[in-house]
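Structure assessment
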Amino acid sequence: MVDEIKPTEDKTDSIPLMHRPRTKPCQPSTPEPSDIQAPPTEKNIRQPSSGSERQNSLESFLPDVLDFDNSSTKLQRAISCDSVSSDTSVVLETMESPQNNGELEIGFEYDSETEDLIVIVNQARDLVGPNPNVAVDSYVRVFLLPDKTTNMQTRVQRRTNDPIFKERFLFGVDSRELSQRSVLCYVYTSDKYTNTLIGETEIKLIDIDLTKPHLRWMPIIDSNQKPTDLGDVMFSLSYLPTAERLTVVMVKARNIKFPAGQETGSPFVKVYLLQNGKKISKKKTSIKKDDKNPIFNEAMIFSVPTNALQQNIQLRMTVADYHGDGKAPSLGHVFVGSQCRGKSLSHWNQMMSSLRKPIAMWHPLRK
């Protein structure tokens with residue numbers, strides 16, 4: 001039985017084309033996987049489908065300095081942090097190379113007279129589903145960006161990790177807009193009850209010679225590892241089973257993106273301990289004024305029972321910008337835990353397999 005944590009605080013053939021959607025100039029917008037609700041079908045979609053924290057003030061405090069035994073590393077204590085000691089130094093294992101969940105072969109043709117773009121979803125190979133050892137049912141959704149309302153979907157290919165789709169989709173695109181357009185493909189697995197996004201691939205049309213047919217293999221990147229322009233944070237995780245203590249060291253952040261018109265700000269990080277999605281405890285770092293690449297080196301300690309750690313516990317790191325009026329809008333966040341995917345899950349699992357040893361990684365911020 002899981003203990004309840006008490007809150008402490010706060011391939012292409014001749015194939016009929018799909019119906020031709022004529023796109024309109026639109027505002028840049030990239031579809032989020034969570035926006036896609038339509039289940040897979042056994043027929044081609046012939047019409048484009050249409051898709052559309054508490055703020056906290058920071059208390060003033062006098063930071064303590066934490067000395068790690070047998071280490072020259074000194075860490076400031078985060079706000080509301082319990083006392084801490086450790087017999088190891090922080091090990092930085094950044095592991096920034098994204099994991100591919102297979103490859104997708106896609107093709108492109110453009111008719112300059114009719115201004116029609118043909119996107120060919122040919123085949124995929126080496127798909128990695130939720131269970132890597134099981135053949136999957138899969139399908140692909142194709143988006144013409146930045147118009148996220150213009151999208152189409154392949155048929156479902158069943159019980160294979162090397163599906164052959166051989167489907168062609170036609171989009172109307174003004175030749176003057178080609179340099180501003182890109183094609184995004186989401187690859188899904190499905191079963192009777194769920195549709196799971198296993199990854200995505202995107203190609204900018206400006207990078208393709210559309211004066212002749214073009215066919216290429218593209219890596220399917222886990223969506224949780226897709227690069228973002230919000231910035232990155234580095235933090236370490238370690239767990240001491242004898243004391244049932246989970247330690248988070250917020251090391252630093254880089255290239256933080258602040259709101260339009262704001263070159264820099266006063267960032268800090270809030271770390272939440274979640275159980276079944278519910279906030280159990282919260283701690284936060286100090287504020288770093290006028291710094292888009294802040295260095296924190298602050299430790300936060302959470303008491304977590306061992307039997308709960310691999311079942312329903314997550315951490316959420318939220319980077320916020322402190323304003324003088326007491327408000328602190330969110331700039332992006334990161335989740336890690338046993339229920340996450342990609343690098344977030346890898347980081348958690350490495351912590352669990354290297355008990356007592358701090359494991360640090362860079363993570364991209366997401367909205």
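Going by what an unreviewed UniProt entry lists, the protein chain is known as Synaptotagmin-12-like isoform X2 and is assigned to Limulus polyphemus.

Digging into the pairing of strand β15 (residues 278-284)
The buried count for β15 comes to five of seven residues, which makes it a mostly enclosed element. With six bridges joining them, strand β14 (residues 267-275) and β15 adopt antiparallel strand pairing. By the bridge assignment, K270 is partnered in β15 with K284. Two successive antiparallel strands, β14 and β15, enclose a turn made up of two residues, where N276 displays a positive phi of approximately 55 degrees.

What about the sheet that holds β15?
Overall, antiparallel pairing links the four strands, which are arranged β15-β14-β17-β18 in an open sheet. At either end of the open sheet lies a strand with only one pairing partner, and these are β15 and β18 (330-337). With direction set aside, neighbouring strand axes in the sheet form an average angle of 20 degrees. As paired elements, strand β17 (residues 313-321) and β18 share seven bridges and run antiparallel to each other. Its bridge partner lying in β18, Q314 is registered against G337. This element, helix α2 (residues 342-353), spans β17 and β18 of the sheet and lies at about 50 degrees to β18.

Topic: the nonpolar core
Within soluble globular proteins, side chains that are nonpolar generally end up buried alongside one another. L237, M250, F302, L315, M317 and W348 are the most contacted members of the largest nonpolar core, which has 31 residues in total. The set of elements that each furnish at least two residues to this core consists of β12 (232-240), β13 (245-254), β14, β16 (295-303), α1 (306-309), β17, β18 and α2. Excluding residues within four positions of it along the chain, L315 makes contact with L237, L246, V248, V271, Y272, L273, F302, V334, F335, V336 and W348.

Some points on the pairing of β12
Counting buried residues in β12 gives eight out of nine residues, a clear majority hidden from the surface. As paired strands, β12 and β13 are joined by nine bridges and run antiparallel to one another. Opposite D232, over in β13, you have R254 as the bridge partner. Hairpin connection between β12 and β13: a loop of four residues separates the two successive antiparallel strands, and E244 in this loop has a positive phi of roughly 50 degrees.

Observations concerning the environment of G337
Turning to its location among the elements, G337 is positioned in strand β18. Looking at G337, the relative accessible area reads 0%, which means it is buried. The spacing of G337 and W348 is 11 residues in sequence and 5.6 Å in space, taken between C-alpha atoms. The contacts of G337, once residues within four sequence positions are left out, are I313, Q314, S344, L345 and W348.

Cut-offs and rules
- Residues numbered from 1 in each chain as written.
- Predicted model: local features only at pLDDT ≥ 70, side-chain atom pairs only at ≥ 80, totals over all residues.
- Heavy atoms only, no water.
- Buried < 20%, exposed > 50% of the residue type's maximum accessible area, 1.4 Å probe, protein only.
- Helix = DSSP H or I, 4+ residues; strand = E, 2+ residues; numbered from the N terminus.
- Pairing = 2+ DSSP bridges.
- Axes fitted to C-alpha atoms, helices over the stretch in contact; angles between N-to-C directions.
- Contact = heavy atoms within 4.5 Å.
- Core = buried A, V, L, I, M, F, W, Y, C linked by side-chain atoms within 4.5 Å.

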